[in-house]
Amino acid sequence: MRCELLDYELPEALIASRPPEERDGARLLLVDRGAGEVAHAAIRELDRYIERGALVVVNDTRVVPARLFGKKRGTGGQVELFLLHRLDEAPAGGDDLAGPPPEGAARPERWRAMGRASKPIRPGAVLDLERDGALVAEVLERAEDGVLTVRLSSPAGLSVAAAIDAYGHIPLPPYLGRGDDASDRERYQTIFARVPGAVAAPTAGLHLSPALVERLRANGVEIASVTLHVGLGTFQPVTVDDLDAHPMHAEVYSVPEATAAAVARARDRGAPIVAVGTTVVRALETAADPARAGLVRAQSGETRLLIQPGYRFRVVDALLTNFHLPRSTLLALVFAFAGRERTLLAYRAAIDAGYRFYSYGDAMLIRGASAP
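Calculation rules
- Counting starts from 1 at the beginning of each chain's written sequence and moves along it residue by residue.
- Side-chain atom pairs in this predicted model are given and counted only at pLDDT of 80 or more, local residue features only at pLDDT of at least 70, and totals for whole chains, interfaces and linings cover all residues.
- With hydrogens and water excluded, all non-hydrogen atoms of the structure serve as input to the side-chain values.
- We count a stretch as a helix when DSSP gives it H or I for four or more residues in a row; a strand needs E for two or more, and each element gets its number in order from the N terminus.
- Atoms counted for the radius of gyration: C-alpha only. Globule rule: 2.2 Å times residue count to the power 0.38.
- Remark: exposure states derive from per-residue accessible area (1.4 Å probe, protein chains only) relative to the maximum for the residue type, with buried under 20%, exposed over 50%, and partly exposed in between.
- Contacts are assigned to residue pairs with any non-hydrogen atoms lying within 4.5 Å of each other.
- A 1.4 Å probe and the Shrake-Rupley method give the accessible areas. Residues count as covered only by the protein chains that appear here.
- A side-chain nitrogen of Lys or Arg and a carboxyl oxygen of Asp or Glu constitute a salt bridge if their distance falls within 4 Å.
- Residues belong to one nonpolar core when they are buried, are Ala, Val, Leu, Ile, Met, Phe, Trp, Tyr or Cys, and are joined through side-chain atoms within 4.5 Å.
- Criterion used throughout: strands pair if DSSP finds at least two bridges between them.
- pLDDT measures the predictor's confidence residue by residue and takes values from 0 up to 100.
- Ring geometry is summarised as follows: Phe, Tyr and Trp rings, the Trp one being its six-membered ring, pair when their centres sit within 6.5 Å, and such pairs are stacked at plane angles under 30 degrees, edge-to-face over 60 and tilted between the two.
- Polar contact is the term for a pair of N or O atoms within 3.5 Å; when the atoms are in protein, one must be able to donate a hydrogen and the other to accept it, and sequence-neighboring residues count only if both atoms are side-chain atoms.
- The arc refers to the directions leading from the helix axis to the C-beta atoms.
- Note on definitions: angles span 0 to 180 degrees between N-to-C directions of axes, and those axes are lines fitted to C-alpha atoms, for helices only across the stretch in contact.

**Q** In this structure, what is going on with the overall build of the protein chain? I would like to understand it.
**A** On a plain count of helices and strands, the protein chain comes out with seven helices and 17 strands. Since a compact globule built from 372 residues should have a radius of gyration of about 21 Å, the 22 Å found for the protein chain is in line with a globular shape. Considering the protein chain as a whole, with its 372 residues, one finds that 53% of them fall into the buried category. The contacts in the protein chain between residues at least 6 apart in sequence include a share of 72% that link residues at least 24 apart. Within the structure as shown, the protein chain displays about 16,200 Å² of accessible surface, and the carbon and sulfur contribution to it stands at 49%.

Shown next, in the form of structure tokens:
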């Protein structure tokens, strides 16, 4: 796919910097991917538009407070560390570590991270992070692409995970144009958030409230979950001319036995599989069973699945999704599911009606016959 085809114009005023007052208070654009027709509704009415007996699949990843601020020890220079993923627990000492952990510290951990400072952060640097140095990062390696390997420890005696959770900042997307505040700790997590590991929220799931989920279940809808840890690559714009040349980021995912069984039950009763968000689509389609059409296998691993127009969906029948950035792989996935022209017409209808866009914005429900 030529990447200029992923462009569209969006007035900056329609970028939502904060969520609606109520979790299920967003607007909902209904899109028929057969006829291409659109209609306007509300998220809190979602139970009216998902048929009885459907299987709704959500992502239970939990966003890690991955942004840490502090100073370089010795120089006092300001520094920001953005945690990407944990490698393992580090041993108490060893040739690959910058000395023993500080006295009183809990067991250290090694992490991949991005660093930002006025000067490049080099191996051997020690970073005192957050209030009173609640976390210490010792820089072990710096890759050619600038990604750091650091050893994190907590001199306060907390576990590293507890210190990150207590002192870290929610990594809001840069296009929101603001830093995080206390309310984002709740609102930038879905009600299903259970497994820590994401650096961005699966935003379609942000719309589902306990009351809405209860109404769905009362209407005979089954709820199942997958885990896909959204990585930093979700913010990576497409900069190549041809999407085939885009270096698709890897994301850790898991489809449990219970969800594979739920998909099989839905197929047995002739009910649709509704994915809540593009992350669920990628997990389910990655786990699609090549030997049994429409079913998935329980499995875990990393996925680099790039879905673009021409992709044949094997599992997902309907999609609840937010409105995505131009020139993004997320928008390419929606084009593949609903058709490019239908999607752009839907986006134009949303813009004309003043819908709010991106992570804290409104949503669209795409259902109906497959796009050609």
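Read on for the rest.
**Q** I would appreciate a short explanation of the pattern of salt bridges in the present structure.
**A** Pairing between side chains of opposite charge can happen when their charged atoms approach one another. Within the structure shown, the criterion is met by 21 salt bridges. Residues Arg44 and Asp24 are paired through a salt bridge, measuring 3.6 Å at the closest nitrogen-oxygen approach. Highlighted residues: Arg44 in the loop between strand 2 (38-42) and strand 3 (55-59) and Asp24 in the segment before strand 1 (27-32), separated in sequence by 20 residues. For Asp181, the salt bridge identified is with Arg178, shortest N-O distance 3.9 Å.

**Q** Please explain the nonpolar core as it appears in this structure.
**A** The nonpolar side chains of soluble globular proteins are, as a tendency, buried together. With 57 residues, the main nonpolar core has Tyr8, Leu284 and Phe357 as its most contacted residues. Per-element accounting of this core gives the leading share, eight residues, to helix 6 (residues 329-338). With residues up to four places along the chain from it excluded, the contact list for Phe357 reads Tyr8, Leu10, Leu14, Ile15, Ala16, Phe323, Tyr347, Ala350 and Ile351.

**Q** I tried to follow the environment of Gly368 on my own but got confused; where do I start?
**A** Looking at the secondary structure, you find Gly368 in the segment after strand 17 (363-367). For Gly368 and Ala35, which are 333 residues apart along the polypeptide, the C-alpha to C-alpha distance reads 8.3 Å. Beyond its immediate sequence surroundings of up to four residues, Gly368 is in contact with Asp32, Arg33 and Asp317.

**Q** Honestly, the pairing of strand 2 in this entry has me stumped. Any pointers?
**A** Regular strands place their side chains on alternate faces of the sheet. When strand 1 meets strand 2, the two strands line up antiparallel, connected through five bridges. In the sheet register, Leu30 faces strand 2, and the bridge partner there is Ala39.

**Q** Sorry if this is basic, but what is going on with the confidence of the model for the protein chain here?
**A** Any residue range with low pLDDT should be treated as having predicted coordinates unsuitable for detailed reading. Across the protein chain, pLDDT averages 91, with 94% of residues at or above 70. Below a pLDDT of 50 lies the segment residues 94-98, which in the model reaches ten contacts outside its immediate sequence neighbourhood of four places, other chains included.

**Q** I would appreciate a short explanation of the packing of aromatic side chains in the present structure.
**A** Going through the model one piece at a time under the given rule, you end up with eleven aromatic pairs. Plain terms: the ring middles of Tyr8 and Tyr347 are 5.1 Å apart, the flat faces sit at 80° to each other, and that makes the pair edge-to-face. Remark: Tyr347 occurs in helix 7 (residues 340-352) and Tyr8 occurs in the segment before strand 1; sequence separation between them is 339 residues. We note that Tyr8, like Tyr347, is buried. Look at Tyr188 and Tyr360: their rings are 5.9 Å apart centre to centre, the planes differ by 80°, and that puts the pair in the edge-to-face class. One end of the pair, Tyr188, is in the loop between helix 2 (184-187) and strand 11 (195-198); the other, Tyr360, is in the loop between helix 7 and strand 17, and 172 residues separate them in sequence. Take Tyr188 and Tyr360: they sit in the same class, and that class is buried. Site record: aromatic cluster; members linked through ring pairs are Tyr8, Tyr175, Phe323, Tyr347, Tyr355, Phe357 and Tyr358.

**Q** Can you walk me through the pairing of strand 12 (residues 222-228) in this structure?
**A** Within strand 12, five of the seven residues are buried, which leaves it mostly tucked inside the rest of the structure. Bridge count between strand 3 and strand 12: five bridges; the pairing is parallel. Within strand 12, the residue paired with Leu55 across the bridge is Glu222.

**Q** I tried to follow the side chain of Asp60 on my own but got confused; where do I start?
**A** For Asp60, the location among the structural elements is in the loop between strand 3 and strand 4 (61-63). A polar side-chain atom of Asp60 sits 2.8 Å from a polar atom in the side chain of Arg194. Ignoring sequence-local partners within four residues, the contact set of Asp60 consists of Phe192, Ala193, Arg194, Val195, Ser225, Val226 and Thr227.

**Q** Honestly, helix 3 (residues 210-218) in this entry has me stumped. Any pointers?
**A** Because the α-helix completes a turn every 3.6 residues, residues three or four places apart line up on one side. Here helix 3 has its buried residues at Leu212, Val213 and Leu216. Burial along helix 3 is one-sided: seen end-on, the buried residues are contained in an arc of 100°. Exposed and facing more than 90 degrees away from the buried side of helix 3 are Pro210 and Ala218. Turning to helix 3, the residues buried within the fold contact strand 12. Within two residues after helix 3, Gly220 carries a phi angle of roughly 85°, on the positive side.

**Q** Explain the sheet that holds strand 2 to me, please; I cannot follow it from the model alone.
**A** One key point about sheets: their strands pair by backbone hydrogen bonds, in either a parallel or an antiparallel sense. Taking strand neighbours across the sheet as the criterion, the nine strands line up as 2-1-17-16-14-3-12-13-15 in an open arrangement whose pairing is mixed. One side of each edge strand has no neighbouring strand; the edge strands of this open sheet are strand 2 and strand 15 (299-303). Ignoring which end each strand starts from, the neighbouring axes of this sheet average 25° apart. With two bridges joining them, strand 12 and strand 13 (residues 251-255) adopt antiparallel strand pairing. Bridge pairing links Thr227 to Ser254 in strand 13. Contacting strand 3, strand 12, strand 13, strand 14 (273-276), strand 15 and strand 16 (318-322), helix 5 (residues 278-286) runs over the sheet at an angle of about 85° to strand 12. The sheet contacts of helix 7 involve strand 1, strand 2, strand 16 and strand 17, and relative to strand 1 the element is tilted by about 150°.

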